[in-house]
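Working through the structure, step by step
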Amino acid sequence: MKSRYSIFSLARNALHYHRDWDQAWRSPEPKAQYDVVIVGAGGHGLATAYYLAKEHGITNVAVLEKGWLGGGNTGRNTTVVRSNYLWDESAHLYEHSLKLWEGLSQDLNFNLMFSQRGLLALAHNQHELRELSRRVNAIRLNGIDSELMTVEQVKAFCPILDCSPGKRHPILGASLQRRGGTARHDAVAWGFARAADARGIDIIQNCEVTGFRMASGRVEGVETSRGFIGAGKVGVVVAGHASVLAGMAGLRLPIESHPLQALVTEPVKPVLHTVVMSSAVHVYVSQSDKGELVMGAGIDGYNSYAQRGSEPVVENLLNALIELFPIFSRLKLMRQWGGIVDVCPDASPIIGKTPVAGLYFNCGWGTGGFKATPGSGWVFAHTIAQDRPHRLNEAFTLERFGHGYLVDEHGAAGVAH
Amino acid sequence: MLLIPCPYCGPREEVEFACGGEAHIARPANSDRLSDAQWSDYLFMRKNPKGVHYERWNHARGCRRWFNVARDTVTHRIYAVYKMGEAPPSVTP
Ligand SMILES: Cc1cc2nc3c(=O)[nH]c(=O)nc-3n(C[C@H](O)[C@H](O)[C@H](O)COP(=O)(O)OP(=O)(O)OC[C@H]3O[C@@H](n4cnc5c(N)ncnc54)[C@H](O)[C@@H]3O)c2cc1C
Ligand SMILES: [Zn+2]
C-alpha cells in the first residue's frame, strides 16, 4: 500500500532530505496473460486502466507504452480544459469529463494543479458574435455554464487585451466559461499512473505493440517488442498512431495524423489570469504557474508522424498573439515543439467497438483531447468492461461514418481548444 | 519548412502551397449501388501511412495548378513529384 501524499508526508520527507519517497509506480515484467491490455500510456490509456480498476473491479490489466508514459500528446499539449461544446452529444461527454476534473486531484491523491481560471473565446465580427451567442445559449440549455460578454466586459475582465475599435480584427465580444481552465499535463499522466499502479495495474514502458494475434474474428493478444502478451480484451489509445495500429488489425479509420505545435515564452510575473482564445485570428494562450505564456494554434496542413512542424505556422500564431496582446511583443520564446494529433473528419472522437471482437479503439481526439482525459478513460473503461458503449459515448462509434450521423464540432474543436 | 518542387514552376517554399490530402481516391462509378460501408470507405477512410504518402498539392500562390507528391511522413523527404492523372511511381525509401 502506497503512503498518501499530504502536507504531513511532505514535512516528514523534508526531514530526510526527500531521499525516502516511495517510487510512484512499479516497472514490472509483463505477465503472459492479462484480462485487458491497454495500448498507449498517455493520459487516456492510463485513465482507462484506472477506471477499469476503480469502477469495474478489473485489475488484471497491463498498459503497454512504446516510449515513456506521458511522452506523447499528453506531455506536449497546451492544457486547456473546458466543456463548452455545441452539440448535445459532445456537451454531455466533455461536461462529464469536466465534472471528473473537479474532484480529480483528491480522487487520485495527486496535485494536478487544476485551475478553473476561466476561458474567454473572442468574437471579431458580427457573424462570429451571433454564432457565439447561439453557442452560449445551446450550451446553457445543456446545463453547462457559459456567458456572453460585451466588449466593455471583456476589457474589464482582461485589461491587457487590445480592445481598441480601429483594429483590423476588432474585439466585439466574447463567451466565457468560468469553470474552464488549465491543469498540469505531466501530473495528469503521473497521477493516473500512480493511482492505477496502486490498484495492481502493470504499467510497462519501452514495450511497443507491433501486431495483434487474432483467431476467428477475436483478439487473443498483442505482439510486442518484448514478446507476445495474451489478452482477453485489448483497448487501443495511441492518438496519432491510431491508423498504424488499426492497420495491424486490418481496419481502416477516417483519421489523418498531423503535427500540432505549441510554444512557450520566457517566464514573467503574473499578467494573464485566464485562458484567451480566438478562432478568427487563430491563437490561444494562457500563463503557466511558472510564468511562461503557453500558446498554440492550428495543425500543420499535411500528414506527418515527425513530432515537429513548420515555421510558417509559428509565424502566423505569433502574428495573431501580437494582434490581441501588443504588450507581449517583446517577450522571448524559450521552447517550441510538436505532437502528432489524430484528426477526424467531424472533429469528434471515435470511442468504441471494432469489427474484431474484444478489440476496442479510442482515438480521433485530434487537437482537443487533453480536456477529455478523465471522461474518455471513464467511458472507454465502461465500453471495454461491458462490451458496449456507455450512454455518453454511444454517438461516437466508428459506424457513424457509415450511417452519416456525424457529430460536427469543427466550429468548437477544429480550430481552437 | 518543406521545399516543394512544383512540376510547372520548380522548387518553391511550402507557404506557396496547400496540401490536398491523399491522392488517387477515385469516386466510385456505381455510386447508386454502393453500400453505406463502401460509400463511407470512399468518403472518409484514409490510408494515413507512417512512411511514403501519395498526396495532392496545389501551388495556390503560384501557378495554381494541382499535382501529386510522394513524400515520407516521418522524414518529410519528397521522393517524387508527378502530374495529375499519372500513375503513382514506386519509391523505395
Ligand atoms: C501541441 C498540442 C497542443 C494541444 N493542446 C490541447 C489543449 O489545450 N487542450 C486539449 O484538450 N487538448 C490539447 N491537445 C490534444 C491532446 O494533447 C490529445 O488529444 C490528448 O493528449 C490525447 O491523449 P492520449 O492519451 O490519447 O495520447 P498520447 O499522450 O499521445 O498517448 C498515446 C501513447 O501511445 C503510445 N503509442 C503509440 N504507438 C504505440 C505502440 N505501437 N505501442 C505502444 N504504445 C504506443 C505513444 O507513445 C503515446 O505515449 C493538444 C495536442 C498537442 C500536440
Ligand atoms: Zn507551380
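For the structure itself, look to the data block above.
Residues numbered from 1 in each chain as written. Chains lettered and ligands numbered in written order. Predicted model: local features only at pLDDT ≥ 70, side-chain atom pairs only at ≥ 80, totals over all residues. Heavy atoms only, no water.

1. Structural notes on the overall build of chain A
Each helix and strand in chain A was counted, giving 12 helices and 18 strands. Its C-alpha atoms give chain A a radius of gyration of 21 Å, within 12% of the compact-globule value 22 Å for 417 residues. With the C-alpha coordinates of chain A rotated into their principal frame, the extents come out at 65 × 65 × 40 Å. For chain A, the residues scored as buried account for 59% of the 417 residues in total. In chain A, once contacts between residues fewer than 6 apart in sequence are set aside, the share between residues at least 24 apart is 75%. When the accessible surface of chain A is split by element, carbon and sulfur atoms take 53% of a total near 16,700 Å². (Helix = DSSP H or I, 4+ residues; strand = E, 2+ residues; numbered from the N terminus. Rg over C-alpha atoms; globule rule 2.2 N^0.38 Å. Buried < 20%, exposed > 50% of the residue type's maximum accessible area, 1.4 Å probe, protein only. Contact = heavy atoms within 4.5 Å. Areas by Shrake-Rupley, 256 points an atom, 1.4 Å probe, with all protein chains shown as cover.)

2. Here we look at the interface of chain A and chain B
Contact with chain A, which involves 25 residues of that partner, is made by 23 residues of chain B. Between chain A and chain B lies a buried interface of about 2,000 Å² when both sides are counted; carbon and sulfur atoms form 53% of it. The largest share of the area that chain A buries against chain B comes from Arg252(A), Tyr302(A) and Tyr305(A), three residues that together contribute 31% of it. Between the two partners, chain A and chain B, sit one salt bridge. Note that Arg252(A) is salt-bridged to Asp41(B), the shortest N-O span being 3.0 Å. For the pair chain A and chain B, the number of links is 15 residue pairs in polar contact (both at pLDDT 80 or more). For the side of chain A that touches chain B, the secondary-structure elements that each account for two or more residues are helix H8 (242-248), strand E12 (256-265), helix H9 (311-324) and helix H11 (400-403) of chain A. (Buried area = accessible area lost by both parts, 1.4 Å probe. Salt bridge = Lys/Arg side-chain N within 4 Å of Asp/Glu carboxyl O. Polar contact = N/O pair within 3.5 Å; in protein donor to acceptor, adjacent residues only side chain to side chain.)

3. What about the packing of aromatic side chains?
Taken as a whole and judged by the stated rule, the model has 15 aromatic pairs over all chains. Aromatic side chains Tyr85(A) and Tyr94(A) sit 3.8 Å apart centroid to centroid with 5° between the ring planes, which places their arrangement in the stacked category. The buried category is assigned to Tyr94(A), whose relative accessible area is 4%. Judged by centre distance (6.0 Å) and plane angle (40°), the rings of Tyr302(A) and Trp57(B) are tilted. Of this pair, Tyr302(A) sits in the loop between strand E15 (293-299) and H9 while Trp57(B) sits in strand E4 (residues 52-58), on two different chains. There is no split in this pair, since Tyr302(A) and Trp57(B) are both buried. The ring of Tyr5(A) is capped by Arg194(A), whose NZ or CZ atom sits 3.5 Å from the centre of that ring. Its guanidinium or amino end placed over the ring of Tyr8(B), Arg65(B) lies 3.8 Å from that ring's centre, counting from NZ or CZ. (Phe/Tyr/Trp six-rings, centres within 6.5 Å; stacked < 30°, edge-to-face > 60°. Lys NZ or Arg CZ within 6 Å of the ring centre and 35° of its normal.)

4. What about the pairing of strand E2 (residues 61-64) of chain A?
Put simply, side chains in a regular strand alternate between the two faces of the sheet. Residue and element names in this part refer to chain A. Going residue by residue along E2, you find Val61 and Val63 tucked away on one face and Ala62 and Leu64 tucked away on the opposite face as well. Note on the crossover from strand E1 (residues 33-39) through helix H2 (residues 43-56) to E2: the handedness is right-handed. Here E2 runs beside strand E8 (residues 202-204); their pairing, made up of three bridges, is parallel. The residue bridging Ala62 from the neighbouring strand is Asp202, located in E8. (Right-handed = clockwise from strand over helix to strand, strands pointing away. Pairing = 2+ DSSP bridges.)

5. Let's talk about the coordination of the zinc ion (ligand 2)
Residue and element names in this part refer to chain B. At the metal site, the zinc ion (ligand 2) is ligated by Cys6 (SG), Cys9 (SG), His59 (ND1) and Cys63 (SG), and these contacts range over 2.0 to 2.3 Å. Geometry at the zinc ion (ligand 2) is tetrahedral, judged from its four donor atoms and the angles of 105 to 116° they form at the metal. For the zinc ion (ligand 2), all donor residues lie on one chain, and their spacing in sequence is C-x2-C-x49-H-x3-C. According to the relative accessible area criterion, His59 is buried, its value standing at 0%. Overall, Cys63 belongs to the partly exposed group, its relative accessible area being 26%. (Donors = N, O, S within 2.8 Å, 3.2 Å for Na, K, Ca; no water. Tetrahedral: all angles 85-135°; square planar, octahedral: opposite > 155°, others 65-115°.)

6. Observations regarding the site of ligand 1
Residue and element names in this part refer to chain A. Taken together, 37 residues surround ligand 1, and among them Glu65, Asn73, Thr74, Thr78 and Lys371 come closest. Measuring from a nitrogen atom of ligand 1, one finds a backbone N or O atom of Thr367 at 3.1 Å. One of the backbone nitrogen or oxygen atoms of Lys371 is found 2.8 Å away from an oxygen atom of ligand 1. Out of a free accessible area of 1,000 Å², ligand 1 has 97% covered by protein chains. Those elements that provide at least two residues to the shell around ligand 1 are H2, E12 and strand E16 (333-343). Top contributing element to the shell around ligand 1 by residue count: E12, with three residues. Considering only residue class, the shell around ligand 1 consists of 14 nonpolar, 18 polar and five charged. (Near = heavy atom within 4 Å. Nonpolar A, V, L, I, M, F, W, Y, C, P; charged D, E, K, R; others polar.)

7. Some details on the sheet that holds strand E6 (residues 173-177) of chain A
All names here are of chain A. Taken in spatial order, the eight strands make up an open sheet running E5-E6-E4-E13-E14-E15-E12-E16, and their pairing is mixed. With partners counted over all chains shown, the strands left at the sheet margins are strand E5 (147-150) and E16, one partner each. Within the sheet, the average angular offset between the axes of one strand and its neighbour, ignoring direction, is 20°. (Axes fitted to C-alpha atoms, helices over the stretch in contact; angles between N-to-C directions.)

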